[in-house]
Amino acid sequence: MKNTIILSVTLLTFTLSSYAQSETNTIENQFNTLTSQSNNWQNYKVVEKNKLQHLQQSVKDSISSLQTTIQQNKKALIEQKTSIDSLSSQLQILQKDLASAVEQENNLDFIGISTHKSTFKIVVWSIILILLLILGILFTQFKKSFTDTKDARKKQIEAESELEEYKKLALEREQKIRRQLQDEINKNKRS
């Protein structure tokens, strides 16, 4: 019974350390070789002590190698976790910086007031349209004033020419009346 337990334990340890050995000399192969080379005695296998010790040493080496590998993997895992945490914090910082950069790019300082670009564009285009509308109104008023001035000048010229004509007629009438008066005076003096 004791031999069965020892054999079971050795088989178990051999299976665990089989991962650490090379494929040609795995622990499983060593167990198979040990069982095939051992003698039979009343349904029990009799194993030579030195072969069993050699197998035990191989199992210990395999277990120690696996434990070393496990420790290295744990250290690597901790390092990777630390690296991931560091990269995550850097990513969060970069995302915040990116968000603030995008926000800053989308905002403009206009007269000391921070405004969004689209709002700024709407304000600027509204001002431009209002100025164009005012310019259009002023242009039409100027054109109307210009035509009114032109018409007033024509009327002034016509009025001046009528005045000149009236003066001529009045002067001619006055001269005619004076001649008549002079003629009457001369006639009265002769008579």
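Please read these numbers as outputs of a predicted model, since none were measured by experiment.

> Whenever I open this one, the overall build of the protein confuses me. Can you help?
Regarding its fold elements, the protein presents four helices and four strands. Counting helices and strands in the order they occur from the N terminus, the protein gives α-α-β-β-α-β-β-α. Taking all 191 residues of the protein together, 9% fall into the buried category. Within the protein, counting contacts between residues at least 6 apart in sequence, those at least 24 apart form 42% of the total.

> What is the right way to read the packing of aromatic side chains from this model?
As enumerated under the stated definition, the model contains one aromatic pair in all. Aromatic side chains Phe-142 and Phe-146 sit 6.3 Å apart centroid to centroid with 25° between the ring planes, which places their arrangement in the stacked category. With Phe-142 and Phe-146 both in helix α4 (residues 117-190), this residue pair falls four residues apart, about one helical turn. Judged by relative accessible area, Phe-142 falls into the exposed class, the value being 54%.

> What should I look at first to understand helix α3 (residues 49-106) in this one?
Note that an α-helix has 3.6 residues per turn; residues three or four places apart therefore point the same way. Here α3 spans 82 Å end to end across 58 residues, near enough to the 86 Å set by a 1.5 Å rise per residue. Turning to α3, its buried residues number three or more, namely Leu-55, Ser-58, Val-59 and Ser-62.

> What am I meant to see in the pattern of salt bridges here?
Side chains that differ in sign of charge can pair as their charged atoms come close. With the rule as written, the count across this model stands at one salt bridge. Between Glu-174 and Arg-178 there is a salt bridge; the shortest N-O distance is 2.8 Å. Placement of both Glu-174 and Arg-178 in helix α4 is noted, with a separation of four residues, approximately one turn of the helix. Here Glu-174 falls in the partly exposed class, since its relative accessible area comes to 38%.

> Help me understand the nonpolar core, please; the structure alone is not making it clear to me.
Soluble globular proteins tend to bury their nonpolar side chains together. Within the largest apolar cluster, five residues are counted, these being Ile-27, Phe-31, Leu-34, Leu-55 and Val-59. Counting residues per element, the ones that place at least two in this core are α2 (27-37) and α3. Ranked by the residues each element gives to this core, the list is headed by α2, at three residues.

> Just checking my understanding: could you explain the pairing of strand β3 (residues 107-110) for this structure?
Two faces, one strand: in a regular strand the side chains alternate between the faces of the sheet. Of the strand pairs in this sheet, β3 and strand β4 (residues 113-116) are connected by four bridges, and their pairing is antiparallel. Opposite Phe-110, over in β4, you have Ile-113 as the bridge partner. Once β3 ends, the chain turns through two residues before running back antiparallel as β4, passing Ile-111 with a positive phi of about 55°.

> Which parts of the structure should I look at to understand a nonpolar patch on the surface?
A grouping of Phe-110, Ile-111, Val-123, Ile-127, Ile-130, Leu-131, Ile-134 and Leu-138 is seen on the molecular surface, where their side chains present a nonpolar patch of about 740 Å² in accessible area. The biggest single contributor to the nonpolar patch is α4, with six residues. Relative to the helices and strands, Ile-111 is located in the loop between β3 and β4.

> I'm lost on the packing of α2 against α3 in this one. Help?
What describes two packed helices is the angle between their axes and the distance between those same axes. In contact at an axis separation of 11 Å, α2 and α3 are set at 170° when each is read in the N-to-C sense. On the basis of the axis angle, α2 is roughly antiparallel to α3. Residues Ile-27, Gln-30, Phe-31, Leu-34 and Gln-37 of α2 pack against Lys-51, Leu-52, Leu-55, Ser-58, Val-59 and Ser-62 of α3. A breakdown of the residues in the contact of α2 with α3 according to their chemical character gives six nonpolar, four polar and one charged.

> Please explain the confidence of the model for the protein as it appears in this structure.
Low pLDDT marks regions whose predicted coordinates should not be analysed in detail. Confidence along the protein averages 83 in pLDDT terms, with 84% of residues attaining 70 or more. Looking over the protein, one finds the lowest element-wise mean pLDDT in helix α1 (residues 2-17), namely 56, and the highest in α4, namely 92. Residue range residues 19-23 is modelled with pLDDT below 50. Its contacts to residues more than four positions away, or to other chains, number nine contacts.

> Even after reading the chapter, I still don't get the environment of Ser-58, so can you show me in this structure?
Tracing the chain through its elements places Ser-58 in helix α3. What makes Ser-58 buried here is its relative accessible area of 9%. Separated by 31 residues in sequence, Ser-58 and Ile-27 place their C-alpha atoms 7.2 Å apart.

Reading guide: rules and limits
Residues numbered from 1 in each chain as written. Predicted model: local features only at pLDDT ≥ 70, side-chain atom pairs only at ≥ 80, totals over all residues. Heavy atoms only, no water. Helix = DSSP H or I, 4+ residues; strand = E, 2+ residues; numbered from the N terminus. Buried < 20%, exposed > 50% of the residue type's maximum accessible area, 1.4 Å probe, protein only. Contact = heavy atoms within 4.5 Å. Phe/Tyr/Trp six-rings, centres within 6.5 Å; stacked < 30°, edge-to-face > 60°. Expected span 1.5 Å × (residues − 1). Salt bridge = Lys/Arg side-chain N within 4 Å of Asp/Glu carboxyl O. Core = buried A, V, L, I, M, F, W, Y, C linked by side-chain atoms within 4.5 Å. Pairing = 2+ DSSP bridges. Patch = residues over 30% accessible without salt bridge, like charges linked within 9 Å, V, L, I, M, F, W, Y side chains within 5 Å. Areas by Shrake-Rupley, 256 points an atom, 1.4 Å probe, with all protein chains shown as cover. Axes fitted to C-alpha atoms, helices over the stretch in contact; angles between N-to-C directions. Parallel < 35°, antiparallel > 145°, perpendicular 65-115°, else oblique. Nonpolar A, V, L, I, M, F, W, Y, C, P; charged D, E, K, R; others polar. pLDDT = per-residue confidence, 0-100.

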